[in-house]
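Reading the structure
Okay, here's what each chain looks like letter by letter:
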Amino acid sequence: MSRTITVGLDGSPESRAAAEWAAREAQMRGLPVKLVHAWEPIPEHLAEATHRGAETLQHWTERIPREAAEGLRLRHPGVEVTTEQLTGIPAEALARAAQDAELLVLGSRRLGGIGGFLVGSVGLAVVAHTERPVVLVHAGEQAGDEREMDRAGIPSAATGFRPVVLGLDVAGPDEALLGFAFEAAARRSVPLRVVHGWNPPPYYAYGMALEPAVEREMAKGDATILSEVLRPWRQKYPDVEVVQQSQYGSPSLLLIDASHEASLVVVGRRIRRSSVGAHIGTVAHAVLHHSTAPVAVVAHD
């Protein structure tokens, strides 16, 4: 596997924001960026019917990665940028491209007036079918958005990064997920905020209120488990400050709330190899649509 950060590019504002994020990440990692544009050729008779021949369409699609690469090289002179043109169904082509990448970066659109984001069918399909980490970046995302406020109360590229947030299920913690999050925090020299949301046992869901004393005891037990899970990682990354958050509530809502103060949100996706197809998972799906920070989805067994 070649160590590159690959970007799915289609010329949209969200894919351009993804390319900028990838270039910044590549600079921190010392890796090259590959801009990939996947397109489905239109049959000649249909292309002619729209007064755009197949050669014209191909020339237009080749311009997208070429011009984007030229811009990235100017704005990020220390980053090597290459391009690749793929033919075929975009979701399938990008999933194949991700197999040879260290990281795949895609864009997602903002939903006006709703406060959420839209991860299109291509993005969801790629996340569900690749076993490489995928980062989703919102349209309009800028370098300053990942940083702390300056003295004037304005996000600035000159200030330090905001914390990295990790959503963790202590019942099945995965080393790939933990390693990705700790590396991201270490690379940015920021604290890692580990969020674990828990719900009461099923029998409390049928009209039985959770007594405060019982809730406190459950919270204490889950916090202890979380500490034990994180203990070896604290030792492995002694320079990373770890902030634990273990509390009663929806993991999705807790992570979405934490995203407002994060430079990156990291969530896991369990790999399911079955006849019914791949799935993202309810927590990852909700966070992808509503996080205000870029989201990294790390697949694991």
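Residues numbered from 1 in each chain as written. Predicted model: local features only at pLDDT ≥ 70, side-chain atom pairs only at ≥ 80, totals over all residues. Heavy atoms only, no water.

1. As for the confidence of the model for the chain
Stated formally: Here pLDDT means the predictor's own confidence in every residue, given as a number from 0 to 100. Think of it this way: any DSSP run of H or I at least four residues long counts as a helix, any run of E at least two long counts as a strand, and we number them from the N terminus.
In the predicted model, the chain carries a mean pLDDT of 83, and the fraction of residues at 70 or more is 79%. The secondary structure element of the chain with the lowest average pLDDT is helix α2 (residues 44-49), at 51, and the one with the highest is strand β7 (residues 164-167), at 98.

2. A few points about the environment of Leu253
Under the convention used in this document: For every residue, the accessible area obtained with a 1.4 Å probe (protein chains only) is divided by the maximum for its type, and the residue is called buried under 20%, exposed over 50%, and partly exposed between those limits.
You can see Leu253 is positioned in helix α8 (residues 251-258). Among the residues examined, Leu253 registers a relative accessible area of 59% and is labelled exposed.

3. Re the environment of Val229
Note the following rule: Throughout, a residue-residue contact means that at least one pair of heavy atoms, one from each residue, lies within 4.5 Å.
Structurally, Val229 is set in helix α7 (residues 212-236). For Val229, a relative accessible area of 16% translates into the label buried. Not counting residues up to four positions away in its chain, the partners in contact with Val229 are Leu168, Val170, Pro173 and Leu178.

4. As for the pattern of salt bridges
To be explicit about the condition: Salt bridges are counted wherever a side-chain nitrogen of Lys or Arg sits within 4 Å of a carboxyl oxygen of Asp or Glu.
Taken as a whole, this structure holds 11 salt bridges when the rule is applied. Among the ionic pairs, Glu25 bridges to Arg188, the shortest N-O distance being 2.7 Å. Of the two residues, Glu25 sits in helix α1 (residues 13-29) while Arg188 sits in helix α6 (residues 175-188), which places them 163 residues apart along the sequence. For the pair Glu25 and Arg188, a shared accessibility class is recorded, and that class is buried. Between Glu228 and Arg231 there is a salt bridge, with its nearest N and O atoms 2.5 Å apart. Of this pair, Glu228 and Arg231 both sit in helix α7, separated by 3 residues, roughly a single helical turn. Judged by its relative accessible area of 43%, Arg231 falls in the partly exposed class. Salt bridges linked by common partners bring Arg3, Glu25, Arg29, Glu102, Glu183, Arg187 and Arg188 together as one network.

5. Side note on unusual backbone geometry
The phi dihedral of Ser189 is positive, around 55 degrees, even though this residue is not glycine. If you trace the backbone, Ser189 turns up in the loop between α6 and β8 (192-198).

6. What about the pairing of β7?
Cut-off, in case you're wondering: In short, DSSP must find at least two bridges between two strands for them to pair. Note on handedness: a crossover is taken as right-handed if, strands pointing away from the viewer, the path from the first strand over the helix to the second is clockwise.
Every second residue of β7 is oriented toward a common face, with Val164 and Leu166 on one face and Val165 and Gly167 on the other, all of them buried. Relative to β8, β7 is paired through 4 bridges, and the arrangement is parallel. Directly across from Val164, in β8, lies its bridge partner Leu192. Handedness of the crossover joining β7 and β8 through α6 is recorded here as right-handed.

7. Some points on the packing of aromatic side chains
Which entries qualify depends on this criterion: Note on aromatic pairs: the rings of Phe, Tyr and Trp (six-membered ring only in Trp) are paired at centre separations within 6.5 Å, and the planes decide the class, stacked below 30 degrees, edge-to-face beyond 60, tilted for the rest. Ring-over charges, as used throughout, are those where CZ of Arg or NZ of Lys falls within 6 Å of the ring centre and within 35 degrees of the ring normal.
In the structure shown here, the tally under the stated rule is 3 aromatic pairs. Summarising the aromatic geometry, the rings of Trp233 and Tyr237 are spaced 6.4 Å apart at their centres and angled 10 degrees between planes, so their arrangement reads as stacked. A relative accessible area of 11% places Trp233 in the buried class. By relative accessible area, Tyr237 is classed as buried at 12%. Grouped by ring-pair contacts, the aromatic residues Phe182, Trp233 and Tyr237 constitute a single cluster. Sitting over the face of the ring of Phe161, Arg188 holds its NZ or CZ atom 5.6 Å from the ring centroid.

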